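Listed below are the residues making up each chain.
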Amino acid sequence: MVSVGTKGYAQYETDLTVSLNEYTKELEIRQEFTYYNNSNYNLGVLYFNDWANAYSDKNTGLAKRFAQEFKKSLHLAKDSERGATTIISVVDDSYNGLQWTHTEGEDILKVTLADILLPKQSTKVFITYKVKLPPNKFTPYGYDPKGTYYLKDWYLTPAVYDGKWELYSNKNLEDLYTNVTNTVINFKFPDSLYLASNFKIESLSEFPNGQFAQLKGSLQRSGEIILKTEKEFITHTTPYMTFLTNIKAPRYSNIGQGLSINKVADFIYTNLGAYPHEKVLVSELDYDKDPLYGLNQLPSFIRPYEEQFQFEMKFLKTALNSILRETMFLNPRKEQWLNSAISNYLMIAYVEEYYPNQKLMGKLSSIWGFRSFELAKMDFNDQYAFLYNLTARKNLDQALQTPNDSLIKFNQKIANKYKAGLGLAYLADYIGKEKVDKSIKTFFEYYKLNTVKVLDFESILKRSTTQDINWFFRDYVSTDRRIDFKIKNVKQKQDSLLVTIKNKEGTNVPISVFGLKNDSVVSQYWFSDIKLEETFTIPNNEEDKLVLNYNQKIPEFNQRDNWKSLKGFLSSNKKLKFTFFKDAENPYFNQVFYVPVINFNIYDGWAPGIRLYNKTLLERPFVYDFSPSYSFKEKAFVGYGKFSYRKYLSKSGLYVANYAIGASTSHFNENSRYTSITPSFSLGFRPEDLISNKREFLSFRYVNILRDFDTSLQNLASDPENPDYSVFNARYINRNNGIIDYNSWFLDFQLAGNFSKVSFEYEYRKLFKNNRQLNLRFFAGKFLSNRTKTDFFSFALDRPTDYLFDYGYLGRSEDSGIYSQQIIIAEGGFKSFLDDQYRFSNDWMTTVNGSFNVWRWIELYGDAGLVKNTGLSEKFVYDSGVRLNLVTDYFELYLPVYSNNGWEVSQPNYGEKIRFIITVSPKTLTGLFTRKWF
């Protein structure tokens, strides 16, 4: 019988006989597949999703995705840890052996049929194979050390053919695209395990040392099986649907959990309708893949939310994701945004209905020290626009219809899902919530268990209203164009107001205007079709303030210019607000943030101070940053100040321009101060693929250095290069910061009164398949002119003088002691201290630095080069030793062994020859953890 849910199509059917070997971690599978050609084309090949084989190699789509996200666990995995599919035989119903091969991505199986499969005909394929499960350290799937198994996308499923084959590799994106099938799984597994599944368990029996379960899935895409050593899953039967779940809240009573589940079920049924399958699987594993990002991920002892709210939101999100995945058969790679939109829209609605006063920071919002923060004043639902804008302000936002595997991780996991949910809330605010609610319910009821497209939902929405909502799909969904309006002017008349609204981004979408009186809303209007600038007339209700998007239903790019005071010029000036530590934006104040800081170098000692800046949690174009400190050792003020302006130009190609002027002052020796004043300008370039780590920069700066010396330091005070100088510096950087392959090079030009020079650096890192890493660096520098009298501006072999004051030296003028052993890998990049005659070059220098790991973070290094000074022959220099590469570029030790100096390990005072790299900048260290998200 043909199901209603197939729109008249014959059904794919598959029967599997599966046995789990707990010792080898293998699944032995015999699969019988009935394939119906529902298309109008002849088929000579069939494709099956073999996503279990995505763990088999370092060149699969999964491995490459991990590399893009700076995860090398799969690349470094042992062969024994790799999951893989071993095909034993593929035959048809005439017992013909069929040819098969894995495609380039390794996780799609191509089967060549013996005979052409005609339209509306069917064929049977019998496949015998083994699936070696991976440990769950790569993804949540596979097995863990405790004996738990999570089987998802673990058997062969039919790829979709809709006039062309839709072949998608496993990239750990939860977007398997397969045809809906009727599936029977006969599953044997150890008797020590408890089974849970999204499929119906038809029977469960025991036999010696094992168990047998028959699972059935009707009109479902793929079967999930969770095997646990303890019986964690509990069945909750509600009047509307049945849940199988192991989500718990230890500090929330079982009775309370049951009541909350009933409440969630009632909400889902009211807003979606009846669930067509026997049960909904709501697992902790599913939640962990898509959690409630934010404060709820803090350790349990500082959880800011009440247990009931925390449990309900966790359960609601996981249940909605599971229900929509099991019923709405969109293309999950290209149209997944719609399921995300519905899920997050309903979560927003749930909080509005049951927890309208819930704050984003929960209980922390009422605690002294926190309650004054803008974050503490934000409602829970404000996080959706806030987190979307986190990437929008970085110029990394992407259109909702961008394919899943083309989204940067933060957008794929958070920002685009939140923008999608906000979009429906925005639409509901514009045309009426009841219309959007009814459209969602109609869409679910009519299209559940069907192959469906976004166009079907669009059609239902458009029939629900007489208002033009083409803008929603044309501008909001299909593009990455931002929404940004401002009230340019308001003219008051006796009984009306003439409001001029400017569309700053040109995105033609509606905008709401609220009238406020004593901070209470007294009027609201919607205006649309504002292409550039329009003036509207509204009644004068004695408002004292007009505010765009006051309820923040619209994910607007910038709300700092959304309000206009009607009380005159003086009242429209924003007041200063000083806030401890960085915070969210408040559009009604000019915010100044302050935080205590402490800096250190051996000349200033510990220098405590205060940092004053205007940079909020969301990036903003104009930023100032001042940090005055006091050096108790020098008994003087030090610190820095900077003004910068960043202008994003496009998404790719030339994408950003930066303008800045900065100044800093500190001590570079006892009683010797430097002051730098540097105006700069830079341009950034990136490819269309935002996931790519490739970037290019062209920068120009004019560095002005002013120095005062202690007159007792005769070697400095009598230096003919003193005291002051200016250097024009232009540099082009090309960098591809990959974790498997790293390429970076720059070309640098410097021009000063007494010299001009050019230099080139190339750095390459390669992580090989045998887990060995090669690091190579090449440097070449040449003076074009040089009238200097000392080596202060010369190329340095082992320790640059840093006359531009770019490097984070703890003791930049030291030539002995521990601080002189700090190394910055720049210019020559040597680790050994060689003869003073060759440590600098006032003509030209070229060097090669290399290292190769022998075990984990222990490497052997070697440097070689030529140093040429005016009036002397070039000198060949070299050194070698052991590198302890604990955290590349952040914490490293270099132990010299052999160089031009001979066997250094046998020479006296060897400890003074050891070099170290250490990075203490919080901003730099934070980049280690944020780079995988952005």
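Each chain has its residues counted from 1, running along the sequence as written. Per-residue local features of the predicted model are confined to residues with pLDDT of at least 70, and side-chain atom pairs are confined, for both listing and counting, to 80 or more; whole-chain, interface and lining totals are unaffected and use all residues. The basis for every side-chain value is the complete set of non-hydrogen atoms in the structure, without hydrogens or water.

### Points about empty space enclosed by the protein
Okay, so step 1: For each structure, a 1 Å grid was placed over the protein atoms alone; sets of points admitting a 1.4 Å probe that cannot get out are labelled cavities, open sets with protein on both sides within 12 Å along at least five of seven lines are labelled pockets, and lining residues have an atom within 4 Å of a point. Grid points are joined across faces, edges and corners, and a volume is the space filled by probe spheres set on the points. Scanning the model with the defined rule gives five cavities of 30 Å³ or more in all.
Okay, so step 2: Each pocket or cavity is described by its volume, and for the largest cavity that value is around 770 Å³.
Okay, so step 3: Considering the residues around the largest cavity, the lining is formed by 45 residues, among which L173, E174, D175, R325 and Q336 are closest to the centre.
Okay, so step 4: Secondary structure elements follow DSSP: runs of H or I no shorter than four residues count as helices, runs of E no shorter than two count as strands, and numbering proceeds from the N terminus. When contributions to the lining of the largest cavity are tallied by element, the ones reaching two or more residues are helix 3 (284-289), helix 4 (307-327), helix 5 (336-354) and helix 8 (409-431).
Okay, so step 5: Top element by residues in the lining of the largest cavity is helix 4. It accounts for eight residues.
Okay, so step 6: A volume near 120 Å³ is recorded for the second largest cavity.
Okay, so step 7: Looking at the second largest cavity, it is lined by 14 residues, and the ones nearest its centre are A52, Y55, Y141, K152 and D153.
Okay, so step 8: Class assignment of the residues belonging to the lining of the second largest cavity gives a composition of 10 nonpolar, two polar and two charged. Three residue categories are used. Nonpolar comprises Ala, Val, Leu, Ile, Met, Phe, Trp, Tyr, Cys and Pro, charged comprises Asp, Glu, Lys and Arg, and polar comprises the others, including Gly.

### Concerning the pattern of salt bridges
Okay, so step 1: The working definition used for a salt bridge is a side-chain nitrogen of Lys or Arg within 4 Å of a carboxyl oxygen of Asp or Glu. The full count for this structure, using the stated rule, is 57 salt bridges.
Okay, so step 2: In this structure, the salt-bridge partner of K433 is D437, at a minimum N-O distance of 2.8 Å. Of this pair, K433 and D437 both sit in helix 9 (residues 433-447), four residues apart, which is roughly one turn of the helix.
Okay, so step 3: Burial classification: accessible surface area is computed with a 1.4 Å probe over protein chains only, and a residue below 20% of its type maximum counts as buried, one above 50% as exposed, and the rest as partly exposed. Exposure remark for K433: the relative accessible area of 36% places this residue in the partly exposed category.
Okay, so step 4: One salt-bridge network, in which partners are shared between bridges, spans K152, D153, E174, E224, D286, K289 and R325.

### Observations concerning the pairing of strand 7 (residues 122-132)
Okay, so step 1: Side-chain alternation along strand 7 places T123, V125, I127, Y129 and V131 on a buried face and S122, K124, F126, T128, K130 and K132 on a face that remains uncovered.
Okay, so step 2: For two strands to pair, DSSP has to find at least two bridges joining them. Sheet topology places strand 2 (residues 26-36) next to strand 7; 11 bridges connect them, and they run antiparallel. Bridge pairing in strand 7 places T34 opposite K124.
Okay, so step 3: In terms of strand pairing, strand 4 (residues 84-92) meets strand 7 through eight bridges, oriented antiparallel.

### Quick word on helix 1 (residues 61-68)
Okay, so step 1: Of all eight residues in helix 1, six are buried, a share of seventy percent or more.
Okay, so step 2: Among all positions of helix 1, only G61, L62, A63, R65, F66 and A67 are buried.

### Remarks on the packing of aromatic side chains
Okay, so step 1: To pair, rings of Phe, Tyr and Trp, with the six-membered ring standing in for Trp, must have centres within 6.5 Å; the planes then decide the type, stacked if under 30 degrees apart, edge-to-face if over 60, and tilted in the middle. Inspection of every chain in the model, using the stated rule, returns 75 aromatic pairs.
Okay, so step 2: Taken together, a centroid distance of 6.2 Å and an interplanar angle of 80 degrees make the contact between Y41 and Y161 edge-to-face. Of this pair, Y41 sits in the loop between strand 2 and strand 3 (43-49) while Y161 sits in strand 11 (residues 160-161); the two residues are 120 residues apart in sequence, bridging distant segments of the chain.
Okay, so step 3: Taken together, the ring pairs connect Y725, F755, F779, F783, F792, F793, F795 and Y803 into an aromatic cluster.
Okay, so step 4: A ring is considered to have a charge above it if a Lys NZ or an Arg CZ atom is located within 6 Å of its centre and within 35 degrees of its normal. Taking NZ or CZ as reference, K25 lies 5.1 Å from the ring centre of Y143, over its face.
Okay, so step 5: Seen from the ring of F557, R393 lies directly overhead, with NZ or CZ sitting 5.5 Å from the centre.

### Regarding the environment of F443
Okay, so step 1: Position of F443 among the secondary structure elements: in helix 9.
Okay, so step 2: Put simply, F443 and S459 are 16 residues apart on the chain and 9.7 Å apart in space, counted from C-alpha to C-alpha.
Okay, so step 3: Contacts between residues were defined by any pair of non-hydrogen atoms, one from each residue, lying within 4.5 Å. When near neighbours in sequence (up to four residues on either side) are disregarded, F443 contacts M328, L338, I342, K448, V452, K453, D456, F457 and I460.

### Concerning the pairing of strand 39 (residues 741-752)
Okay, so step 1: Burial along strand 39 is one-sided: the residues Y742, S744, F746, D748, Q750 and A752 are buried and none of D741, N743, W745, L747, F749 and L751 is.
Okay, so step 2: Across 11 bridges, the pairing between strand 38 (residues 725-737) and strand 39 is antiparallel. When the bridges of strand 39 are listed, F728 appears paired with L751.
Okay, so step 3: Connecting the antiparallel pair strand 38 and strand 39 is a turn made up of three residues.
Okay, so step 4: Note that strand 39 and strand 40 (residues 755-767) share 11 bridges and pair antiparallel. In the sheet register, N743 faces strand 40, and the bridge partner there is Y764.
Okay, so step 5: In sequence, strand 39 turns back onto strand 40 through a hairpin of two residues.

### A word on helix 4
Okay, so step 1: Expected span of a helix, by definition, is 1.5 Å for each gap between consecutive residues, and there is one gap fewer than residues. Helix length check: helix 4 (21 residues) gives 30 Å between terminal C-alpha atoms against 30 Å at 1.5 Å per residue, within 8%.
Okay, so step 2: Within helix 4, 18 of the 21 residues are buried, which leaves the element mostly enclosed by the surrounding structure.

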